[in-house]
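# Close look at the chain arrangement
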Amino acid sequence: MAFNIYDFTTLTHNIHVGLAESFSPFVATTIEWVIVGVVYLLFVALFGLFLVYAERKVCAAFQQRLGPTRVGPWGLLQTIADFIKLLMKELIMPRKADWFLYNLAPFIVIIASFLAIAVIPFAKGLQSLDFDIGVFYLTAVSSVGVIGILLAGWSSNNKYSLIGAMRSGAQILSYELSVSLSLLTMVVFAGSMQFSTIVEAQRDAWFIFSGHIPAIIAFVVFLVAGTAETNRGPFDLAEAESELVAGFHTEYSGVKFAMFFLAEYINLFIISAVAATVFLGGWMPLHFGNFESFNHIMDFIPPVMWFFMKVLSVIFIIMWFKWTFPRLRVDQILTLEWKYLLPINLVNILLMALVVLTKFHF
Amino acid sequence: MKSFIEYITSIFKGVWTLLVGMKVTGKYVFTPWKHVTHQYPENRDTLVMFERFRGEVIMPHDANNEHKCTGCGICEINCPNGSIEIISKSIITADGKKKRAIDQHIYHLGMCTLCNLCVKACPTGAIVMGQNFEHAVWDRSKLTKVLNQPGSKISEGIKE
């Protein structure tokens, strides 16, 4: 079986052909689903654990500390140990909590994350869902998660959970607009909603370079709104520790808490991956116009590496936000969205349309 | 129009202040060798406490087992919580005079707040702050120390 690290289409095609030869179409499709599901589950679990570790290390560096150092080399096994501990914890449910909704909420949150992660292209051919409304689908399914958060807050029968959930709902619903509009700006520029086409269009220059001013504005707006949508600091008032204990997941323990926790970090990954894909060229290597030798050296680095380098840089910037800025008040958050980000976004989309019409781009 | 200009400038000002904040924290991240946190038990051999650190009261002795304490008791008077007890004795000097000298300079580390008043009050500079901070012991009585070493005497030339 041919394995090419620069192009995964032949690998996936060969797997498909091999399965179709030996099994009936129904069984082959089922096996493919299981394989894809297991791969995504493994990736999400491992990358989630890694992100928690990275967050703790980065946070420590921002506060001139060292972070976890004891469990494993450089504390690498710390989050695995934490996760095992979480798995062994007792599942506690508050009295008079809504049994059905209380147990349903973590699944909705994590399912929304899984749905969104499906359209992200990791490399050429390494994408499970690639269809012509990719960007639209992503914004649609990533907003499903807020239902889970609201349900968790409502069904916990706890005032702090409810306040946290309502704050989170107001915040996510508002910032959903900015995320979608800044993505729409780039859709206007790319002329396509399909992720593979968007990445392919950035072969010569990433959109943040070729789209210059409007693309940079859209990138900044997307980063701010994306940070708010993942409920991370400085927009973390949904789970403001000093005010609301832990917000909507106060009453959850054990595996259910782990699901919320994992979903939070997977959402961070999704936002960063979308930012990397739409603005920074996804898995495309860095190319500069006519520097042929430079471009060839850049081509030598595998696309998966490029993708993760970009994603990790964006994640680092978002962590930088979290550990630098103080938390906003509720009214400040809504002011920022409705009085600043939304008007800027609308003007920006007009600017981008002008840029596209006058062909004033590289 | 004026409010519109204010709106635009407020955006740029806001972004600028955020960037200033990010510069401050970014400096911490990208200079990890300047981090203040130590890995304490591992670096015990190389750990050097800073000069003004107050770990305990000690009485330095020189090579001839001589210290500078005259047994005047000023440190005992100055100690706010009675951590120091001076037991003095009288000795007869070479020219036949009776003179007061220190017998035991008893220091209760368990009561000491490391306020530094005794060190400041000492007229001869006999006691100073040491930098050892690992004071954990199994028995409380071990926290009571005698600062002047057995057989030590006051060094020549220290006037009361």
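Rules used in this analysis
- Residues numbered from 1 in each chain as written.
- Chains lettered and ligands numbered in written order.
- Predicted model: local features only at pLDDT ≥ 70, side-chain atom pairs only at ≥ 80, totals over all residues.
- Helix = DSSP H or I, 4+ residues; strand = E, 2+ residues; numbered from the N terminus.
- Rg over C-alpha atoms; globule rule 2.2 N^0.38 Å.
- Buried ≥ 20, exposed ≤ 12 C-beta atoms within 10 Å, placed from the backbone.
- Contact = placed C-beta atoms within 7 Å.
- Nonpolar A, V, L, I, M, F, W, Y, C, P; charged D, E, K, R; others polar.
- Core = buried A, V, L, I, M, F, W, Y, C linked by C-beta atoms within 7 Å.
- Domains from an automatic or database assignment.
- Axes fitted to C-alpha atoms, helices over the stretch in contact; angles between N-to-C directions.
- Parallel < 35°, antiparallel > 145°, perpendicular 65-115°, else oblique.
- Left-handed = near helix turned anticlockwise from the far one by under 90°.
- Expected span 1.5 Å × (residues − 1).
- Pairing = 2+ DSSP bridges.

A few words on the overall build of chain A. Within chain A one finds 15 helices and 0 strands. The C-alpha atoms of chain A give a radius of gyration of 21 Å, which matches the 21 Å a tight globule of 362 residues would have. Seen along its three principal axes, the alpha-carbon backbone of chain A occupies a region of about 65 × 55 × 45 Å. Out of the 362 residues belonging to chain A, those deemed buried represent 40%. For chain A, contacts bridging at least 24 residues in sequence account for 78% of all contacts bridging at least 6.

Taken together, the contacts link 13 residues of chain B with 11 residues of chain A. When its residues are assigned to classes, the side of chain B that touches chain A shows 7 nonpolar, 6 polar and no charged.

Residues and elements named next belong to chain A. Ranked by internal contacts, the top residues of the largest apolar core, which has 85 residues, are Val109, Met186, Ile270, Ala275 and Phe279. Element by element, the count of residues in this core is highest for helix H12 (residues 254-278), at 16 residues. For this core, the two domains that each supply at least three residues are domain 1 (1-88) and domain 2 (99-357). Once residues within four sequence positions are removed from consideration, Phe279 is found in contact with Met186, Trp206, Phe207, Ile208, Ala215 and Phe219.

This part takes up the packing of helix H7 (residues 159-190) of chain A against helix H10 (residues 212-229) of chain A. Two quantities define a packed helix pair, namely the angle between the axes and the distance from one axis to the other. Residue and element names in this part refer to chain A. Where H7 contacts H10, the axes come no closer than 9 Å and their chain directions differ by 155°. Looking at the two axes, H7 sits roughly antiparallel to H10. Where H7 crosses over H10, the two elements pack in a sense that is left-handed. Only Pro214, Ala215, Ala218, Val221, Phe222, Ala225, Gly226, Ala228 and Glu229 of H10 make contact with H7, whose side of the interface consists of Gln171, Ile172, Tyr175, Glu176, Ser178, Val179, Ser182, Leu183, Thr185, Met186 and Phe189. Grouping the constituent residues of the contact of H7 with H10 by class yields 13 nonpolar, 5 polar and 2 charged.

With 32 residues, H7 of chain A ought to run about 46 Å at 1.5 Å a step, and its terminal C-alpha atoms sit 46 Å apart, in line with that. Backbone geometry just downstream of H7 of chain A places Gly191 of chain A in the positive-phi region, at approximately 75°.

All names here are of chain B. With antiparallel pairing, 3 strands are arranged side by side in an open sheet as S3-S4-S6. One side of each edge strand has no neighbouring strand; the edge strands of this open sheet are strand S3 (84-92) and strand S6 (144-146). When the angles between neighbouring strand axes are averaged without regard to direction, this sheet yields 25°. Bridging between S3 and strand S4 (residues 98-108) involves 9 bridges; their strand directions are antiparallel. Its bridge partner being in S4, Ile87 is matched across the sheet by Gln104.

This next bit is on the domain arrangement of chain A. Reports often express the size of an interface as the amount of accessible area lost when the parts come together. Residue and element names in this part refer to chain A. Taken domain by domain, chain A holds domain 1 (1-88) and domain 2 (99-357). Inter-centroid distance (C-alpha atoms) of domain 1 to domain 2 is 20 Å. At the interface, 20 residues of domain 1 touch 21 residues of domain 2. Elements with a contribution of two residues or more to the side of domain 1 that touches domain 2: helix H1 (9-22), helix H2 (25-62) and helix H3 (78-87). In terms of residue count, the dominant contributor to the side of domain 1 that touches domain 2 is H2 (11 residues). Along the lines of polarity and charge, the residues of the side of domain 1 that touches domain 2 split into 15 nonpolar, 3 polar and 2 charged.

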